[in-house]
Amino acid sequence: MRHTGIERVQDSVHGLMEFEGMETSVVEVLRAEELQRLRRIRQTGLAHLVYPGAEHSRLVHSLGAAHIAIRFARRLQEATRTFLAPFLRPKQEAVRDIALAALCHDLGHGPLSHVWESEVIGQEFDQVKWAKTLGLSGEEGLPRKWQWHEMVGQALLAWPEGQLNRLLERAEEGTSTRIRKLLLKEYYLPYLPRLLSSDIDCDRCDFILRDAHQSGVSHGRYDLKWLISTSTVGRTANDQLVVGFDKRKAPSISEQFLTARRALYETVYYHKTVRSAQGMVGLLLKRLKEVTKEKGWFLSDQSFFSPFQKAIEGSPMEPREILQLDDYGLWGLIQHLTTKANVDVTIADLAKRIVGRDLFKIVPCEKQEKLRQFMENAENHLRMQDVVGKFCPGDPKYYIHVDHATFKMFCTDSAETSYFVDFAGRDRMAEPIRDHSLFRAYPLQTEETVRLFVPRETVDQIRVMIEP
């Protein structure tokens, strides 16, 4: 593969993105079908139902993250020139590797991403069987517990028959393995993986700007150029090298970044209508799994949906089948299910509501604690089902969605902590940003908001149950 010249990509968020020398590998591998699948998966799931402009894909986000990774890595090259030994500084090969890893960080996501993973795959999926079918069994050093999309991403990178693996190996032998190691937080420069996953990383740097821009909201703004300019490498108390930010110049921009992320979650990702739609799709998929288990797959005449059949049935899939899982296929499946009232009226009715954007409405409740107490009582669920059953043709338990929206300001994994670095000190000591006095007012624990969604006709009756 050629490593000379320059490749340019015009982007709506970052403007002209330039990839030089070895970095051109980022553009070269874009033609791999494993990455092209991400064109068919929306970055923001169902947010477009509320924010019509939020139609952008995971591919454009991944490309933006790769561009930001290069900017960070170039800054670290300069910042470490005077105090790190040459073998500890990022060379051009490392800049290329971190860019490729950022490009591939979302490789394993399924259609509608988080809804798919929670309702179809499930948290307790058989990792041993999936690893074997995906071609990962027998490998050393893989996590004992990981999320499904992480496993799929690793498998697609390791797949010897895949276009992505071949293109990466053309860049340089062993590239696919190094990218996989980076995503597993393992690399010969131990501090570099934090650029991919931490309180302040390339992924978040891009999606905060991009999702705010595409959604049209003003809450996700921060100064990316200034943030990158303050980045460096420091040492923790146990002499570990970590990526960090200037302790004197970075606190304000870090606060701007973190609050922008929080505002984006509150405004876009956790918008009540977005969460209602996600909950309804989740209920539909849950019901589809249940009916399939009882009656078998009832779309056997539709070969287009065969990859979805395996997933719904709980069967592990091969890499080639994974490539057929995207938002387009799932929306086609939902559309097709609207015609299957003869098989299951609940499935058909939920599908019609989703396609027609006839979404469940939130039950207004002023006090979170009162709603929590109400939902903890099993009898109240039966009372709600009695009300819902009078207005809905299907099984009433599939017309009630209890939404748990959780948010963490800071990462809980020590390997993902971001740091402030003391430039004035000779040792360049690093301290976690969450320990800085500026952030003491922000909660360190996970915040959870509980909301209840039901068909619009039943909102008033159920509200009276909760707050008589």
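Described below are features of the structure shown in this document. All of these numbers come straight from a predicted model, not from anything done at the bench.

**A short note on the sheet that holds strand S7 (residues 419-421)**
Line of reasoning, step 1. As summarised here, the arrangement of the 4 strands in space is S3-S4-S7-S8, forming an open sheet in which the pairing is mixed. Among the strands making up the open sheet, the edge pair consists of strand S3 (231-235) and strand S8 (430-432). Between one strand axis and the next, the sheet turns through 50 degrees on average, direction left out of account.
Line of reasoning, step 2. Sheet topology note: the S3/strand S4 (residues 241-246) ladder contains 5 bridges and is antiparallel. Its bridge partner lying in S4, Val233 is registered against Val243.

**Focus on the sheet that holds strand S5 (residues 361-362)**
Line of reasoning, step 1. Pairing is antiparallel across the open sheet formed by 3 strands, whose spatial order is S5-S9-S6. Sheet topology places S5 and strand S6 (401-407) at the edges, where each strand pairs with a single neighbour.
Line of reasoning, step 2. Judged from the 2 bridges that link them, S5 and strand S9 (residues 447-454) form a sheet pairing that is antiparallel. Note on S9: the bridge partner recorded for Ile362 is Phe453.

**A short note on the pairing of S4**
Line of reasoning, step 1. Burial of S4 is extensive: 6 of the 6 residues sit out of reach of the surface.
Line of reasoning, step 2. In textbook terms, the turn of a hairpin is the stretch between consecutive antiparallel strands, and for S3 and S4 this stretch comprises 5 residues, one of which, Asp239, has a positive phi near 65 degrees.
Line of reasoning, step 3. Across 3 bridges, S4 lies against S7 in parallel orientation. Bridge pairing links Gly244 to Tyr419 in S7.

**Topic: the side chain of Thr44**
Line of reasoning, step 1. In this fold, Thr44 is placed in the loop between helix H2 (33-36) and helix H3 (58-79).
Line of reasoning, step 2. Residues within four places of Thr44 in sequence aside, it is in contact with Ala54, His56, Asp211 and Tyr269.

**Observations regarding the pattern of salt bridges**
Line of reasoning, step 1. The full count for this structure, using the stated rule, is 29 salt bridges.
Line of reasoning, step 2. Notably, a salt bridge pairs Arg320 with Glu33, separated by 2.9 Å at the nearest N-O pair. Highlighted residues: Arg320 in helix H15 (residues 319-322) and Glu33 in helix H2, separated in sequence by 287 residues.
Line of reasoning, step 3. What makes Arg320 partly exposed here is its relative accessible area of 40%.
Line of reasoning, step 4. The residue Lys185 makes a salt bridge to Glu416 at a minimum N-O spacing of 3.2 Å. With Lys185 in the loop between helix H9 (175-183) and helix H10 (202-215) and Glu416 in the loop between S6 and S7, this pair connects stretches of sequence that are 231 residues apart.

**A few points about the environment of Ser218**
Line of reasoning, step 1. Among the secondary structure elements, Ser218 is positioned in the loop between H10 and helix H11 (224-229).
Line of reasoning, step 2. Residue classification places Ser218 among the exposed positions, given a relative accessible area of 56%.
Line of reasoning, step 3. Taking the C-alpha atoms as reference points, Ser218 and Ser12, separated by 206 residues in sequence, lie 16 Å from one another.

**Overview of the packing of helix H13 (residues 272-295) against helix H16 (residues 327-337)**
Line of reasoning, step 1. At their nearest, the axes of H13 and H16 sit 12 Å apart, and the two run at 70 degrees to each other. Looking at the two axes, H13 sits roughly perpendicular to H16. Each of Leu284, Leu285 and Leu288 in H13 lies in contact with H16, whose residues at this interface are Leu330, Leu333, Ile334 and Leu337.
Line of reasoning, step 2. Of the residues assigned to the contact of H13 with H16, the class counts are 7 nonpolar, no polar and no charged.

What counts, and where the lines are drawn
- Residues numbered from 1 in each chain as written.
- Predicted model: local features only at pLDDT ≥ 70, side-chain atom pairs only at ≥ 80, totals over all residues.
- Heavy atoms only, no water.
- Pairing = 2+ DSSP bridges.
- Helix = DSSP H or I, 4+ residues; strand = E, 2+ residues; numbered from the N terminus.
- Axes fitted to C-alpha atoms, helices over the stretch in contact; angles between N-to-C directions.
- Buried < 20%, exposed > 50% of the residue type's maximum accessible area, 1.4 Å probe, protein only.
- Contact = heavy atoms within 4.5 Å.
- Salt bridge = Lys/Arg side-chain N within 4 Å of Asp/Glu carboxyl O.
- Parallel < 35°, antiparallel > 145°, perpendicular 65-115°, else oblique.
- Nonpolar A, V, L, I, M, F, W, Y, C, P; charged D, E, K, R; others polar.

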